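In case you want the letters, here they are:
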Amino acid sequence: MFVTKRVQSARILNQVTVFIRKIHSFDSKGKVLQVKINGEQLKFPYVWLRDNCQCDQCFHKSAKSRILDWSKFNINVKPKEVVETSDSMKVEWTDGHISQYGMNWLKYRNFSPEHQQQYKQAIFKPGKITWNGHQFEEICSRHDYNEVLHSDKALHDWLHKLAQYGVALIKNTPNSETAIDAVVDRVGFTKRTHYGIKFIVQNVENTSNVAYLSSNLQMHTDLPYYEYCPGTNLLHCLVQTKSTGGENLLSDCHYVAHYMKQNHPEEYRLLTEVEVEWSDIGVEHGNEFFKLHRGPVICINKLGEITRINFSIPQRGSHFPGQLEIVEPWYKAHGLFLELNHRCAAKFKTTDGDILTFDNIRLLHGRNAYEDNNNNVRKLIGAYMDWDEIYSRLRCLKVKLEKLDGIY
Ligand code: OGA
Ligand code: ZN
Ligand code: ZN
């Protein structure tokens, strides 16, 4: 039925001369359309093309969403005729429906594994680059507060580095409790928790959280007891202690986990498989809370990629949901994980005006003990932001800065 016919003819359409050729190339099973774009043969399944028809009946342009009625959808749909111009492709289906696709739009949806990989890195999420503590000075990028506020490129650069390395520093932040708000507004909004929209990290008596002490804060992730755990941490250093101590320890758990997988596979397995209970119980701003979440220390997906790290000695509950026999081996694996994180950690002391931003579900962070005195009270303003908001802002910025056509 589909004869390979290359008819090159010119006709006037909207005052523009376009070349039309009929195509033609269907795979042996008759389910995939092949289109040559910039010399490359791209393949698109019929069912996918029909599902992604861009006409007004099938796709709502301003909502950028599919509106075709799936109850009337025919999975075995087949094209009757395909017409290609230099920048678009028109498909007439056997039921008479007509679809049109931009060539750039099709290019972005190339099914080849190389393209899928490229798209994953460029648009979906930037690839992560792991690091060891001694590389910290090279990998921890510095960004200027005012530039992040006023330049889209600076905003993009900060978020991109944060996504790649899991840590980045904003410098020259004004000395105000609200200065961090403008940074958050550039991205989206904070993740509110029972500690507030923002929180103050300062030494307080009768604290609701051990972070609000001046003693050593062992390496941890914040709020592992949340099922929807905050993705990133922003800590604005208003006043750093002039005493010794007060430094942060930071380690890349993806680096450590990779090392463990290679060198201590059994301990790695235990940390990825055994669920423990994370908890936070108390009262903050007059509101009672009793938070529990169960999950392993290293959460991985079916590809073996790490999706989240949970780790906190204070916020690990005393209820162990696993079997008796795994308790001791799990504790050994847990101890090894912390030891390796210490070995791979960077020590870094923020100064007034720094906002230390880091991936809360990838890095462990800690703080060395310090001593306040009457003339010098250490004070940080903290806020959380979720990765959903950050990746979303990154994609919007990329489309704008690189003027990507056909991406959506
Ligand atoms: C915290 C925390 C770090 C610091 O509040 O959870 O990690 O430098 N604080 O005080
Ligand atoms: Zn349609
Ligand atoms: Zn913390």
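Parameters at a glance
Residues numbered from 1 in each chain as written. Chains lettered and ligands numbered in written order. Predicted model: local features only at pLDDT ≥ 70, side-chain atom pairs only at ≥ 80, totals over all residues. Heavy atoms only, no water. Near = heavy atom within 4 Å. Polar contact = N/O pair within 3.5 Å; in protein donor to acceptor, adjacent residues only side chain to side chain. Areas by Shrake-Rupley, 256 points an atom, 1.4 Å probe, with all protein chains shown as cover. 1 Å grid on protein atoms, 1.4 Å probe; cavity = no way out; pocket = protein on both sides within 12 Å on 5 of 7 lines; lining within 4 Å. Sits in = over half its atoms within 2 Å of the grid points. Donors = N, O, S within 2.8 Å, 3.2 Å for Na, K, Ca; no water. Helix = DSSP H or I, 4+ residues; strand = E, 2+ residues; numbered from the N terminus. Buried < 20%, exposed > 50% of the residue type's maximum accessible area, 1.4 Å probe, protein only. Patch = residues over 30% accessible without salt bridge, like charges linked within 9 Å, V, L, I, M, F, W, Y side chains within 5 Å. Salt bridge = Lys/Arg side-chain N within 4 Å of Asp/Glu carboxyl O. Expected span 1.5 Å × (residues − 1). Pairing = 2+ DSSP bridges. Axes fitted to C-alpha atoms, helices over the stretch in contact; angles between N-to-C directions. Contact = heavy atoms within 4.5 Å. Core = buried A, V, L, I, M, F, W, Y, C linked by side-chain atoms within 4.5 Å. Tetrahedral: all angles 85-135°; square planar, octahedral: opposite > 155°, others 65-115°. Points joined across faces, edges and corners; volume = space filled by probe spheres on them. Nonpolar A, V, L, I, M, F, W, Y, C, P; charged D, E, K, R; others polar.

Could you give an account of the site of ligand 1, with specific residues and numbers?
In the vicinity of ligand 1, the contacting residues are Val201, Ala211, Leu217, His220, Asp222, Leu235, Asn248, His365, Arg367, Arg378 and Leu380. Here an oxygen atom of ligand 1 sits 3.3 Å away from a polar atom, N or O, in the side chain of His220. Between an oxygen atom of ligand 1 and a side-chain N or O atom of His365, the distance comes to 2.9 Å. Calculation on ligand 1 without its partners gives an accessible area of 290 Å², and the protein chains cover 96% of this total. Taking a 2 Å distance to the grid points as the criterion, the majority of the atoms of ligand 1 fall inside the largest cavity.

Can you break down the coordination of the zinc ion (ligand 3) residue by residue, with the values?
Surrounding the zinc ion (ligand 3) are the protein donor atoms His220 (NE2), Asp222 (OD) and His365 (NE2), which sit 2.0 to 2.1 Å from the metal. Counting gaps between the donor residues of the zinc ion (ligand 3) yields the pattern H-x1-D-x142-H. Remark: His365 occurs in strand 22 (residues 363-367) and Asp222 occurs in the loop between strand 13 (217-220) and strand 14 (232-239); sequence separation between them is 143 residues. Accessibility classification places Asp222 together with His365 in one group, the buried group.

Requested: an account of a nonpolar patch on the surface, with residues and values cited.
A cluster of nonpolar side chains, namely Val47, Trp70 and Ile75, defines an oily patch on the protein surface of about 300 Å² accessible area. Checked against the element boundaries, Ile75 lands in the loop between strand 6 (65-66) and strand 7 (79-84). Residue Ile75 is classed as exposed on the basis of its relative accessible area, which comes to 55%.

Describe helix 10 (residues 324-343), and please don't skip the residues or the numbers.
The first and last C-alpha atoms of helix 10 sit 30 Å apart over 20 residues, in line with the 28 Å expected at 1.5 Å per residue. Here helix 10 has its buried residues at Trp330, Ala333, His334, Leu336, Phe337, Leu338, Leu340 and Asn341.

Any chance you could break down the sheet that holds strand 15 (residues 248-252) for me, citing the residues and the numbers?
Judged by pairing direction, the sheet is antiparallel, and its 4 strands sit side by side in the order 13-22-15-20 without closing on themselves. Of all the strands in the sheet, just strand 13 and strand 20 (346-348) have a single pairing partner and so form its edges. Neighbouring strand axes in the sheet, compared pairwise and without regard to direction, differ in orientation by 15° on average. Sheet analysis places strand 15 next to strand 22, joined by 5 bridges and oriented antiparallel. Across the sheet, residue Asp252 finds its bridge partner in strand 22, namely Leu363.

Can you explain the sheet that holds strand 23 (residues 379-385)? Please cite residues and give values.
Taken together, 6 strands build an open sheet; the order of strands is 10-11-21-14-23-12 and the sheet is mixed. In this open sheet, the two strands that pair with only one neighbour each are strand 10 (141-144) and strand 12 (198-201). If you compare each strand with its neighbour and ignore which way they point, the axes differ by 25° on average. Sheet topology note: the strand 11 (residues 167-171)/strand 21 (residues 355-359) ladder contains 4 bridges and is antiparallel. Paired with Ile170 across the two strands is Ile355, which belongs to strand 21. Packing of helix 7 (residues 179-187) onto the sheet brings it into contact with strand 11, strand 12, strand 14, strand 21 and strand 23, and relative to strand 14 it is tilted by some 155°.

Give me the lowdown on the nonpolar core, citing residues and values where you can.
Membership of the largest hydrophobic core comes to 81 residues, with the highest contact counts inside it found for Phe136, Trp158, Val167, Ile298 and Phe337. Other than its neighbours up to four places away in sequence, Ile298 contacts Ala257, Tyr268, Leu271, Thr272, Ile306, Arg308, Ile309 and Phe337. Counting residues in hydrophobic clusters, the runner-up holds 22 residues, among them Val35, Tyr46, Phe73 and Tyr101.

Got a sec to walk through the coordination of the zinc ion (ligand 2)? Specific residues and values, please.
Here the zinc ion (ligand 2) is held by Cys53 (SG), Cys55 (SG), Cys58 (SG) and His97 (NE2), and the distances to it run 2.1 to 2.3 Å. Geometry at the zinc ion (ligand 2) is tetrahedral, judged from its 4 donor atoms and the angles of 104 to 116° they form at the metal. Of note, the donors binding the zinc ion (ligand 2) are all from one chain and are spaced C-x1-C-x2-C-x38-H. The exposure class of Cys55 is buried, given its relative accessible area of 17%.

Account for empty space enclosed by the protein, naming residues and giving values.
Tallied over the full model, the rule gives 1 cavity of 30 Å³ or more. In this structure, the largest cavity spans a volume of roughly 320 Å³. Asn209, Ala211, Leu217, His220 and Asp222 are the residues nearest the centre of the largest cavity, which is lined by 26 residues in total. Those elements that place two or more of their residues in the lining of the largest cavity are strand 12, strand 13, strand 14, strand 22 and strand 23. Of the residues forming the lining of the largest cavity, the biggest block, 3 residues, is contributed by strand 22. Among the residues forming the lining of the largest cavity, the class breakdown is 14 nonpolar, 9 polar and 3 charged.

Outline the environment of Lys161, supporting the account with residue identities and numerical values.
Mapping Lys161 onto the fold places it in helix 6 (residues 152-165). In this structure the C-alpha to C-alpha distance between Lys161 and Lys128, which are 33 residues apart in sequence, comes to 9.3 Å.

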